[in-house]
Amino acid sequence: QVQLVESGGGLVQAGGSLRLSCAASGSIFSINVMGWYRQAPGTQRDLVAAVTSGGNTNYANSVKGRFTISRDNTGNTVYLQMNSLKPEDAAVYYCNAEVRIRASGPTLRYWGQGTQVTVSS
């Protein structure tokens, strides 16, 4: 099995910064895409940012220029640097990974447990 463990959420004032981390562990052959999604109460879970194993990134329009996604050298940990935070960024942030557990196997999606980000105005 594969586990995704997130950390780094918390309470911050508007204009402040937070850095989220997500470490994948378990039976991993390779991870293609790792990303961050967020879900505020009463809304759907939406993509915030994603990064491929080759380093290509994709961002939601609402966070471009403020958030930066990156992966470590092992490729199994993903970070989300969030700057200039706004009250509308408040949500539960979920880590996601597209994992292959063996060379010939399918790609499976795994989710972290979520970490709360609260932004005070």
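Structural data are supplied above this passage.
Residues numbered from 1 in each chain as written. Predicted model: local features only at pLDDT ≥ 70, side-chain atom pairs only at ≥ 80, totals over all residues. Heavy atoms only, no water.

Some details on the environment of I28
For step 1, the next point in the chain: Of note, I28 is situated in the loop between strand 3 (18-26) and strand 4 (30-39).
For step 2, the next point in the chain: Here I28 falls in the partly exposed class, since its relative accessible area comes to 22%.
For step 3, the next point in the chain: Between the C-alpha atoms of I28 and V99, which are 71 residues apart in sequence, the distance is 6.7 Å.
For step 4, the next point in the chain: Those residues in contact with I28 that lie beyond four places of it in its chain are V2, N76, V99 and R100. (Helix = DSSP H or I, 4+ residues; strand = E, 2+ residues; numbered from the N terminus. Buried < 20%, exposed > 50% of the residue type's maximum accessible area, 1.4 Å probe, protein only. Contact = heavy atoms within 4.5 Å.)

A word on the packing of aromatic side chains
For step 1, the next point in the chain: Using the criterion set out here, one finds one aromatic pair in the structure.
For step 2, the next point in the chain: Look at Y37 and W111: their rings are 5.0 Å apart centre to centre, the planes differ by 65°, and that puts the pair in the edge-to-face class. One end of the pair, Y37, is in strand 4; the other, W111, is in strand 10 (residues 107-111), with 74 residues separating them in the sequence.
For step 3, the next point in the chain: When the ring centre of Y94 is taken as origin, the NZ or CZ atom of R45, which lies over that ring, is 3.6 Å away.
For step 4, the next point in the chain: Positioned above the aromatic ring of W111, the side-chain terminus of R45 is 4.7 Å from the ring centre. (Phe/Tyr/Trp six-rings, centres within 6.5 Å; stacked < 30°, edge-to-face > 60°. Lys NZ or Arg CZ within 6 Å of the ring centre and 35° of its normal.)

Side note on the sheet that holds strand 3
Whenever strands of a sheet pair, they do so through backbone hydrogen bonds, lying parallel or antiparallel.
For step 1, the next point in the chain: With antiparallel pairing, four strands are arranged side by side in an open sheet as 1-3-8-7. The sheet is open, and its two edges are formed by strand 1 (2-7) and strand 7 (67-71), each paired on a single side. Between one strand axis and the next, the sheet turns by 15° as a mean value, whatever way the strands run.
For step 2, the next point in the chain: Here strand 3 runs beside strand 8 (residues 77-82); their pairing, made up of six bridges, is antiparallel. Note that in strand 8 the partner of A23 across the bridge is T77. (Pairing = 2+ DSSP bridges. Axes fitted to C-alpha atoms, helices over the stretch in contact; angles between N-to-C directions.)

A few points about the environment of P87
For step 1, the next point in the chain: With respect to the helices and strands, P87 occurs in the loop between strand 8 and strand 9 (91-100).
For step 2, the next point in the chain: We classify P87 as partly exposed; its relative accessible area is 36%.
For step 3, the next point in the chain: Taking the C-alpha atoms as reference points, P87 and S17, 70 residues apart in sequence, are found 12 Å from one another.
For step 4, the next point in the chain: In this view, P87 contacts A14, V119 and S121; residues no more than four positions away in its chain are not counted.

A closer look at the side chain of R38
For step 1, the next point in the chain: Relative to the helices and strands, R38 resides in strand 4.
For step 2, the next point in the chain: A distance of 2.9 Å separates the side chain of R38 from the side chain of Y93, its partner in a polar contact.
For step 3, the next point in the chain: Among all residues touching R38, those that are not within four sequence positions of it are Q44, R45, D46, V48, S62, V63, F67, E88, D89, A91, V92 and Y93. (Polar contact = N/O pair within 3.5 Å; in protein donor to acceptor, adjacent residues only side chain to side chain.)

Read these as geometric descriptors, not functional statements.
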